[in-house]
Amino acid sequence: MDISYILNDLNDAQRQAVAVDDQHALILAGAGSGKTRVLVHRIAWLTEVIGLSAYNIMAVTFTNKASNEMRGRIDSLIGQKALGLTMGTFHGIAYRLLRQHYQEAKLPQNFQILDSDDQKRVIKRLLKGMELDEAQWPHRQVQAFINGEKEEGRRPQHIDIGHNPFVGKMVQIYSAYEEQCKRSGLVDFAELLLRAHELWLKNPQVLAHYQARYKHILVDEFQDTNSLQYAWLRVLAGGSGKLFVVGDDDQSIYGWRGAKVENIRQFGDDFANVQMVCLEQNYRSTNTILKAANALISNNTSRMGKQLWSDGEDGAPIRIYEAFNEMDEANYVCNQIKNWCGQGGARNEVAVLYRSNAQSRIMEQALLQAQIPYRVYGGLRFYDRAEIKDVLSYLRLLANRDDDAAFERAYNHPPRGIGQKTADGIRMLAREQQISMWQAAQQAVEHGLTARAKTAVASFLDLIESIAESAQNQDLQDQVMQVISRSGLQAHFDKDTSEQGQGRLENIDELINAVSQFKVAKPQESMSGVESEESANLENQQASFESPEQLKDGTLNEVNEFADPLSEFLAQAALEAGEQQASEWESSVQLMTLHAAKGLEFPLVFMIGVEEGLFPSQRSVDEGGKLEEERRLAYVGITRAEKQLIITFANRRRMHGSEFYPMQSRFIKEIPAEYVDFVRLSGSVRPTTESSMDSSIQKALAAQNQTGYQIGDRVFHAKFGEGMVLSVQGSGEHASVNINFDEVGSKWLVMAYAKLEQR
Ligand code: ATP
Ligand code: MG
């Protein structure tokens, strides 16, 4: 058997990792060293060389996007043999598991996912119902408490209150929240994981089935698993399953969300006979970028310690641009992108990374003006947009009348005459009787409402029932279109002729697109004999499976054919919120937070707003102990770049409505000067008066004098004709100059070859 296609494109250490014996493995390695590649090739090794069915393999990734990319790579490596593979994020896999075993998990069959925005609403209402003062019990804090406890695997009854009245109250709210979710058939993100974990612990026969099934479990980005995820893995692996985890302690950036980098250290203690493999060669970045990253991260004290090297070229120095203000910064980035594309680069090779989402707006504005197509990845997420959530709330009510969060959003939107007072009455009834809003509304219609309110509420209930009835014979797309028009949302948005209103309608059209592209996967037909035999045995043991077919086809792998398409679509919408579709990923500049960039790579990377107070964030500086995580985030950012890294900071920045004069980030100073080229002024924002020229600009101008050119100089080039110098950077043979030519527009030229004549 020729397996060179599995091993050829790997180095020795990577090969060793791919071919480890039937034992646990921990691949600990720095950024860009091929961890994800090794994981993919390991799956190929298991199916091709060991002869394992993909049905017996689970691969866990960090985002849906990473999962889709990985599936593509596996399919192209092993084709049909990848059928039956279970792959997804922790949340996605937990969701599929709970759908399949809703009875054992004590969930209603049509349970819905509560995303964090809806969770916030539920908590807010709950606090109001409990008559707790928002100032004293901020909903954010409550939300963080509940999620934090769940991530540690604790239910209210597990929490030690001691003599702490604060914790006591929090636990009381947590309990009330749990009851509320139960009544409404809602499951939040942390609950997905906790339920899936409890499913193992409380249902030995279910656990035994999956323990027998998953002989190999592979986990990417292991450094960012939290306690609960790790516990879930440990239980699943049980006695015989083999874990293959890859990670990098220097890239642990989700500590604030409960991730435990210690899990890496713990792994060796928790499992016997772990094969450790370290990968040290980096294939992604130039030597310059790599050395800068190494130097920066060496400032962290709590590290497992490793160095990356590359036999690639040194590449261009890291460019650091000191901008006049945030507008100048954004314009500089746009000019550099144009320049990149002018030299044959593609837009989708470019990423602009920032610390906080709010930074994207100015950048977006500049890109729009410069007519550079871009996408915000993980910013204002499609499924988070108000109008999309409006439509989804109706759909959710169709799927589950007891979904209180959906009821709250839909009942009077668009306005249909159900007033605050009426709604409060329904809420109170629901609380008193421990029933859902829907049921309470039904009761209220029967007795206890004024005539007007009664008509309004009854017609809302009728509307939903009547949409549901005609939806029975419709495909998903028609259902959605029906909801949009019959709910009155369409007419409501039509009325708004502003730019924003039009944007809403476009988004709704986009939702219809998304629905039409949504396919419920068919169960796989061709499976090897191994699992049929296994499932045949299990058929007898487990009466609670909905259908024995499910075991044969291993529906955990893909969307479940037996759940209704609407529920599946809603689940996907909740799970994928914030992650772009692959097709939308093409040929536009990518804007995203540094967190969202994990695992990705781009030829040209910008890190913007690298200033004290912004990055590292003020909070991380004030609170102490958080700085190292910020530095790891900087390390993640730097190591996304393949060829060129450009870092920018501004001398002035408007943020939250006021003006700041930030200092350049300590992270910039931690990059050794030998890898850096400082640029201090582009032609994009030039002070018009002497007085507005601040000292940094004067310094920059002075620095540029070394090249012999000044901003604003007229020059002549043999091919491009006459133009004006916009900016100069570097010195000596690296020096290049940006000229706005009268005929052909802006170009960057290397001074040594440009043969410019001064005019
Ligand atoms: P990160 O820590 O950022 O997730 P990683 O360790 O997962 O990085 P990969 O994304 O797997 O690294 O690999 C980085 C890049 O190097 C990819 O483009 C990959 O295809 C390439 N690469 C990895 N190993 C090799 C190799 N042996 N030969 C050539 N290219 C390789
Ligand atoms: Mg990776």
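Residues numbered from 1 in each chain as written. Chains lettered and ligands numbered in written order. Predicted model: local features only at pLDDT ≥ 70, side-chain atom pairs only at ≥ 80, totals over all residues. Heavy atoms only, no water.

### Describing the overall build of the chain
Along its length, the chain carries 31 helices and 22 strands. Split into buried and exposed, the 759 residues of the chain put 57% on the buried side. When contacts within the chain are restricted to residue pairs at least 6 apart in sequence, those whose partners lie at least 24 apart make up 75%. Per element, the accessible surface of the chain, about 32500 Å² overall, is 48% carbon and sulfur. (Helix = DSSP H or I, 4+ residues; strand = E, 2+ residues; numbered from the N terminus. Buried < 20%, exposed > 50% of the residue type's maximum accessible area, 1.4 Å probe, protein only. Contact = heavy atoms within 4.5 Å. Areas by Shrake-Rupley, 256 points an atom, 1.4 Å probe, with all protein chains shown as cover.)

### Some thoughts on the sheet that holds strand β14 (residues 641–650)
With parallel pairing, seven strands are arranged side by side in an open sheet as β11-β12-β10-β13-β14-β9-β17. Of all the strands in the sheet, just β11 (374–377) and β17 (676–679) have a single pairing partner and so form its edges. Each strand axis lies, on average, 20° off the axis of its neighbour in the sheet, ignoring direction. Pairing between strand β10 (residues 350–354) and strand β13 (residues 602–607): four bridges, direction parallel. Each residue of the ladder has a partner; that of Leu353, found in β13, is Met607. Strands in contact with helix α13 (residues 287–297) are β9 (318–323) and β14; relative to β14, the strand with the most contacts, it is inclined by about 55°. (Pairing = 2+ DSSP bridges. Axes fitted to C-alpha atoms, helices over the stretch in contact; angles between N-to-C directions.)

### Quick notes on the packing of helix α16 (residues 386–399) against helix α21 (residues 476–486)
Between α16 and α21, whose axes approach to 10 Å, the crossing angle comes to 115°. Seen along the crossing, α16 lies across α21 with a hand that is right-handed. For the pair formed by α16 and α21, the contact residues are Val391, Tyr394, Leu395 and Leu398 on the first element and Val480, Val483 and Ile484 on the second. Tallied by class, the residues present in the contact of α16 with α21 amount to seven nonpolar, no polar and no charged. (Left-handed = near helix turned anticlockwise from the far one by under 90°. Nonpolar A, V, L, I, M, F, W, Y, C, P; charged D, E, K, R; others polar.)

### Side note on the site of ligand 1
Close contacts around ligand 1 come from 19 residues, with Gln14, Lys35, Gln251, Glu601 and Arg640 the closest. The backbone of Gly34 places a nitrogen or oxygen atom 3.1 Å from an oxygen atom of ligand 1. Interatomic distance of 2.5 Å between a side-chain N/O atom of Glu601 and an oxygen atom of ligand 1. Residues that form the shell around ligand 1 fall into these classes: three nonpolar, nine polar and seven charged. (Near = heavy atom within 4 Å. Polar contact = N/O pair within 3.5 Å; in protein donor to acceptor, adjacent residues only side chain to side chain.)

### A few points about the side chain of Glu326
Tracing the backbone shows Glu326 in helix α14 (residues 326–342). The side chain of Glu326 sits in the buried core without any salt bridge; Arg653 is the nearest counter-charge, 5.5 Å away. Residues contacting Glu326, with those up to four places away along its chain left out, are Ile362, Ala650, Arg652, Arg653 and Arg654. (Lys, Arg positive; Asp, Glu negative; His and termini not counted. Salt bridge = Lys/Arg side-chain N within 4 Å of Asp/Glu carboxyl O.)

### A short note on the packing of helix α5 (residues 90–100) against helix α9 (residues 189–202)
Their axes nearest at 9 Å, the elements α5 and α9 cross at an angle of 55°. If you check the angle between α5 and α9, you find them oblique. The two elements α5 and α9 meet at a crossing, and its hand is left-handed. Residues Phe90, His91, Ala94, Tyr95, Leu97 and Leu98 of α5 touch α9, and the partners they reach there are Phe189, Leu192, Leu193, Arg195, Ala196, Leu199 and Trp200. When the residues that make up the contact of α5 with α9 are grouped by side-chain class, the tally is eleven nonpolar, one polar and one charged. (Parallel < 35°, antiparallel > 145°, perpendicular 65-115°, else oblique.)

### Brief notes about helix α6 (residues 116–129)
With 14 residues, α6 should reach 20 Å at 1.5 Å per residue; the first-to-last C-alpha distance of 20 Å fits that figure. Every buried residue belonging to α6 is among Asp118, Gln119, Val122, Ile123, Leu126 and Leu127, and all of these are buried. (Expected span 1.5 Å × (residues − 1).)

### Structural notes on the pairing of β14
Counting buried positions along β14 yields nine of ten residues, so the element is predominantly enclosed. Of the pairings in the sheet, the one linking β9 to β14 comprises five bridges and is parallel in character. In the sheet register, Arg319 faces β14, and the bridge partner there is Ile646. With five bridges connecting them, β13 and β14 associate as parallel partners. Residue Val605 lies in a different strand from β14, and its bridge partner there is Leu645.

### Describing the confidence of the model for the chain
Per-residue pLDDT for the chain averages 83, and the proportion of residues at 70 or more is 84%. Counted against residues more than four places away or in other chains, residues 557–562, with its pLDDT under 50, gives 28 contacts. In the model, residues 682–705 has pLDDT below 50 throughout and makes 40 contacts with residues more than four positions away in sequence or in other chains. (pLDDT = per-residue confidence, 0-100.)

### A few points about the environment of Gln474
Turning to its location among the elements, Gln474 is positioned in the loop between α20 (451–471) and α21. For Gln474, a relative accessible area of 26% translates into the label partly exposed. With sequence-adjacent residues up to four places away left out, Gln474 is seen in contact with Gln479 and Gln482. At 2.9 Å, the side chain of Gln474 forms a polar contact with the side chain of Gln482.

### Some remarks on unusual backbone geometry
With an omega of 0°, the peptide bond running from His413 to Pro414 counts as cis. Relative to the helices and strands, Pro414 is located in the loop between α17 (404–410) and α18 (420–433). Residue Pro616 follows Phe615 across a cis peptide bond; omega there is 5°. With respect to the helices and strands, the residue Pro616 is situated in the loop between β13 and α27 (618–623). With a phi angle near 55°, Glu131 is a residue other than glycine that sits in the positive phi range. For Gln434, which is not a glycine, the phi torsion comes out positive at approximately 55°. Note on placement: Gln434 falls in the loop between α18 and α19 (437–446).

### Things to note about the sheet that holds strand β8 (residues 274–279)
Strand order in the open sheet formed by six strands is β3-β2-β6-β7-β1-β8, and the pairing between neighbours is parallel. In this open sheet, the two edge strands, each paired with only one partner strand, are β3 (86–89) and β8. Looking at each pair of strands side by side, their axes are set apart by 15° on average, direction ignored. Two elements, strand β2 (residues 57–61) and β3, share four bridges in a ladder whose sense is parallel. Looking across to β3, one finds that Thr61 is bridged to Thr89. Contacting β1 (24–29), β7 (242–247) and β8, helix α12 (residues 262–270) runs over the sheet at an angle of about 150° to β1.

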